[in-house]
Amino acid sequence: FPVYAASKAFLHVFLEAIRLKVEEYGVTVVGVRPGPVDTAMTATHPEHLKMPVEVAARKILRLAQKPGNHYLSPLHRVLAWVFRAIPWPLFRRLDV
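Residues numbered from 1 in each chain as written. Predicted model: local features only at pLDDT ≥ 70, side-chain atom pairs only at ≥ 80, totals over all residues. Heavy atoms only, no water.

Engineer: Please explain the packing of aromatic side chains as it appears in this structure.
Structural biologist: Two measures describe an aromatic ring pair: the distance that separates the ring centres and the angle between the ring planes. For the coordinates displayed, the defined rule picks out three aromatic pairs. Geometrically, the ring pair formed by F83 and F91 is edge-to-face, given 5.9 Å between the ring centres and 75° between the ring planes. With relative accessibility at 37%, the residue F83 sits in the partly exposed group. Judged by its relative accessible area of 23%, F91 falls in the partly exposed class. (Phe/Tyr/Trp six-rings, centres within 6.5 Å; stacked < 30°, edge-to-face > 60°. Buried < 20%, exposed > 50% of the residue type's maximum accessible area, 1.4 Å probe, protein only.)

Structural data, given as structure tokens:
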């Protein structure tokens with residue numbers, strides 16, 4: 001899990017850096033955070049929390065035209081914000 005989480009954090013910061021460098025050339029950088037999608041990787045996750053692959057793909061294609069960072073699910077956006085707001089000493093005690 002630490003490597004997976006770190007790779008997601010790296011990608012977010014990397015896209016922000018690239019966005020700043022290429023915007024003057026008219027290049028658009030789009031970041032999409034899909035949240036749990038129904039794939040082999042999420043096979044053990046509760047079904048009601050996963051988005052079907054086809055739905056995720058349609059949403060990603062629609063968002064590909066909009067610069068910035070996007071979440072596919074409002075719940076995922078809220079949870080990401082909540083997790084970032086939790087102080088580290090408390091967060092490390094959670095079983096997430």
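Engineer: Any chance you could explain the pairing of strand β1 (residues 30-33) here in plain terms?
Structural biologist: A regular strand carries its side chains on alternate faces of the sheet. The pairing of β1 with strand β2 (residues 68-71) spans four bridges and is parallel. Paired with V32 across the strands is H70, a residue of β2. As a crossover connection, the stretch from β1 through helix α2 (residues 53-63) into β2 is left-handed. (Pairing = 2+ DSSP bridges. Helix = DSSP H or I, 4+ residues; strand = E, 2+ residues; numbered from the N terminus. Right-handed = clockwise from strand over helix to strand, strands pointing away.)

Engineer: So what exactly am I meant to see when it comes to the environment of A80 here?
Structural biologist: Of note, A80 is situated in helix α3 (residues 74-85). On a C-alpha basis, the gap between A80 and Q65 in space is 23 Å, while along the polypeptide they are 15 residues apart.

Engineer: What's the story with the pattern of salt bridges in this structure? I'm lost.
Structural biologist: Opposite charge on two side chains lets them pair, provided their charged atoms get close. Summed over all chains, the structure comprises three salt bridges. Between K50 and D38 there is a salt bridge; the shortest N-O distance is 3.3 Å. Note that K50 is positioned in the loop between β1 and α2 and D38 in the loop between β1 and α2, a separation of 12 residues in sequence. For K50, a relative accessible area of 9% puts it in the buried group. (Salt bridge = Lys/Arg side-chain N within 4 Å of Asp/Glu carboxyl O.)

Structural measurements only, silent on function.
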